[in-house]
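Structure at a glance
So you can see what is in the structure, the chains are spelled out below.
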Amino acid sequence: MDTRKLSECELDDVYKFHRKDAQKMIRTVSQYSRAANDAYRRGDCVSGHHYSLMAQEAQFVANCLNARAATEIFKSVNRTDDLWRLDLHGLHANEAIRALQCRLQQIELSGQRPKPLEVITGRGKHSRGAPVIPAAVTNYLKECRYRFYELRSGAIAVRPKFVELK
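A few points on the structure.

Here is what the cut-offs are and how they apply
- Residues numbered from 1 in each chain as written.
- Predicted model: local features only at pLDDT ≥ 70, side-chain atom pairs only at ≥ 80, totals over all residues.
- Heavy atoms only, no water.
- Pairing = 2+ DSSP bridges.
- Helix = DSSP H or I, 4+ residues; strand = E, 2+ residues; numbered from the N terminus.
- Axes fitted to C-alpha atoms, helices over the stretch in contact; angles between N-to-C directions.
- Salt bridge = Lys/Arg side-chain N within 4 Å of Asp/Glu carboxyl O.
- Buried < 20%, exposed > 50% of the residue type's maximum accessible area, 1.4 Å probe, protein only.
- Core = buried A, V, L, I, M, F, W, Y, C linked by side-chain atoms within 4.5 Å.
- Contact = heavy atoms within 4.5 Å.

A few words on the sheet that holds strand S3 (residues 147–152). In space, the four strands of this open sheet follow the order S1-S2-S4-S3, with mixed pairing throughout. The sheet is open, and its two borders are formed by strand S1 (85–87) and S3, each paired with just one other strand. Neighbouring strand axes in the sheet, compared pairwise and without regard to direction, differ in orientation by 25° on average. Judged from the five bridges that link them, S3 and strand S4 (residues 155–159) form a sheet pairing that is antiparallel. Counted as the bridge partner of phenylalanine 148 is valine 158 from S4.

Set out below in structure tokens:
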């Protein structure tokens, strides 16, 4: 199995390759939404409703494409069999939280000796404005009362919750 880490350029290429169809569909959603809005403003409720339904359908397709892209991106950046390391680069915030939930559950149910999970959130260099994933991850961990600490900029150590089985 390939264990080398992707460079920033390679990660960008992986992201663009897997997200391109979803991004195209999101543009279609915007076009249909604008057309619906324009039709409703003109008083053409039938066309407005039609374009609104088309926008909803396109949004559903975009969500499916994004889910598929997230799976492929996740596989690309998490190439090792290391259960104790989770790289969230290239994922949207909701996808990152789902991946974190799954990994924590996998660890907690494994019965393996407890040690911290290293979560790579990145520093948010590709986020517009403030970093999104680090904030989403820390908020999730606080809400679920996980103990965690910052390892370094862009990386968090999380203590899984182990339940003793009787």
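So much for the structure itself; the text now carries on.
According to the stated counting rule, one finds four salt bridges in the structure shown. Of the charged contacts in the structure, one is a salt bridge between glutamate 95 and arginine 19, with a shortest N-O distance of 2.5 Å. Taken as a pair, glutamate 95 in helix H3 (residues 93–110) and arginine 19 in helix H1 (residues 8–42) lie far apart in primary sequence, 76 residues in all. Residues glutamate 95 and arginine 19 agree in their burial class; the two are buried. Ionic pairing is found between arginine 42 and aspartate 44, a salt bridge with its closest N-O pair at 3.8 Å.

Our focus in this paragraph is the environment of aspartate 12. Along the chain, aspartate 12 falls in helix H1. Overall, the relative accessible area of 24% leaves aspartate 12 in the partly exposed class. Sequence separation between aspartate 12 and histidine 89 is 77 residues, and the spatial gap between their C-alpha atoms is 9.8 Å.

With that settled, consider the nonpolar core. Most often, soluble globular proteins keep nonpolar side chains buried together rather than apart. Membership of the largest hydrophobic core comes to 23 residues, with the highest contact counts inside it found for Leu88, Leu100, Leu104, Leu117, Val137, Leu141 and Val158. Counting residues per element, the ones that place at least two in this core are helix H2 (45–77), H3, strand S2 (117–120), helix H4 (133–143) and S4. In terms of residue count, the dominant contributor to this core is H3 (six residues). Not counting chain neighbours up to four residues away, the residues in contact with valine 137 comprise Leu88, Ile97, Leu100, Thr121 and Ile156.

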